[in-house]
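Structure at a glance
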Amino acid sequence: MTSLSDIPVIQTPPEAPARGGNPLANVFDDFIRYCRSRSLFMLHYCTGCGAIELPPAMTSRFDMERIGIQPMVTPRQADILLVTGYVSVKTLKRIILTYEQMASPKYVIGICSCTVNGGMYWQSYATAKKLNDYLPVDLYIAGCMPRPEAVIEGLKALRDNIEAGTSDNWKDYYQRYDHYLGNQQRLFGADWQTPTEVIAEAKHYGLFGPDTLGEHTRRLEDHRKPLEPLRMTLNAGRLEHME
Ligand code: SF4
């Protein structure tokens, strides 16, 4: 059974990042963060029953567009990955791939108790229990299922954290990639890999650190294969002359 120490607790938000000495640069940073927090595009990965509370949160009654959050259908243009309930092992592979395709900075929200600790499916062999073992979750909205008001409150909290500069968990994925990859390998098998060059991205963002590489990333070298171009052939039969 899940022990109490496994269950995430509500934590006080982290301190705002230390500010540099240049006041003009600080004003510019504040402005960028303000703009980012007021125009968020949300990719909702409808994994469980919690997805049913998203349409009311989006539409005219509760209307998340009034706080600058709009739905988006592709990961490349999205800022928020919303996981809306229990996650099966098969689905988690797609979620990780989707997350890695999103451009940084990016944010993950787990909706429903099932994303926090497995919820009522904690005993199932087919579901992943704690989403933050596999992806850097910025915010959980607990409940089975949470009401649209709770969803809106959670989104407002994320918006405020982005504006304050305290919601940067996407950096953790690069800085501790070996930890996340290790948990993914434990679930999917030691030959698990995605086509994304996460290590190269960590270097690109200046987030490559001592925990980016480790025993789990070393395994990638054993089985990494170059991506092959998708070959599409059309085997159309020869057209017969039609009378
Ligand atoms: S927390 Fe409840 S409503 Fe949400 S996915 Fe789990 S069982 Fe479904």
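Above this text is the structure in question.
Residues numbered from 1 in each chain as written. Predicted model: local features only at pLDDT ≥ 70, side-chain atom pairs only at ≥ 80, totals over all residues. Heavy atoms only, no water.

**Observations regarding the sheet that holds strand 2 (residues 69-71)**
Taking strand neighbours across the sheet as the criterion, the 5 strands line up as 2-1-3-5-7 in an open arrangement whose pairing is parallel. Each edge of the open sheet is held by one strand with a lone partner, namely strand 2 and strand 7 (139-141). Here the average twist between neighbouring strands, direction ignored, is 30°. Note: strand 5 (residues 107-111) against strand 7, 3 bridges, orientation parallel. (Pairing = 2+ DSSP bridges. Helix = DSSP H or I, 4+ residues; strand = E, 2+ residues; numbered from the N terminus. Axes fitted to C-alpha atoms, helices over the stretch in contact; angles between N-to-C directions.)

**So, the pairing of strand 5**
Here strand 5 lies mainly inside the structure; 5 of its 5 residues are buried. Here strand 5 shows no split at all, with Tyr107, Ile109 and Ile111 on one side and Val108 and Gly110 on the other all buried. (Buried < 20%, exposed > 50% of the residue type's maximum accessible area, 1.4 Å probe, protein only.)

**So, the packing of aromatic side chains**
According to the stated counting rule, one finds 8 aromatic pairs in the structure shown. On the numbers, 4.8 Å between centres and 65° between planes, the contact of Tyr86 with Tyr121 is edge-to-face. Residue Tyr86 is found in the loop between strand 3 (80-83) and strand 4 (87-88), and its partner Tyr121 is found in the loop between helix 4 (113-117) and strand 6 (127-128); the two are separated by 35 residues along the sequence. Among the residues examined, Tyr121 registers a relative accessible area of 31% and is labelled partly exposed. These aromatic residues form a ring-pair network of at least three members: Tyr99, Tyr173, Tyr177 and Tyr180. Residue placement shows Lys106 over the ring face of Tyr99; its charged tip is 4.3 Å from the ring centre. Positioned over the ring face of Phe208 is Lys203, at 5.1 Å from the centre of the ring. (Phe/Tyr/Trp six-rings, centres within 6.5 Å; stacked < 30°, edge-to-face > 60°. Lys NZ or Arg CZ within 6 Å of the ring centre and 35° of its normal.)

**Description of the site of the ligand**
In the region of the ligand, the neighbouring residues are Cys49, Gly85, Tyr86, Cys112, Ser113, Cys114, Met120, Tyr121, Gly143, Cys144 and Met145. Its residues assigned to classes, the shell around the ligand shows 8 nonpolar, 3 polar and no charged. (Near = heavy atom within 4 Å. Nonpolar A, V, L, I, M, F, W, Y, C, P; charged D, E, K, R; others polar.)

Nothing here speaks to function; it is all geometry.
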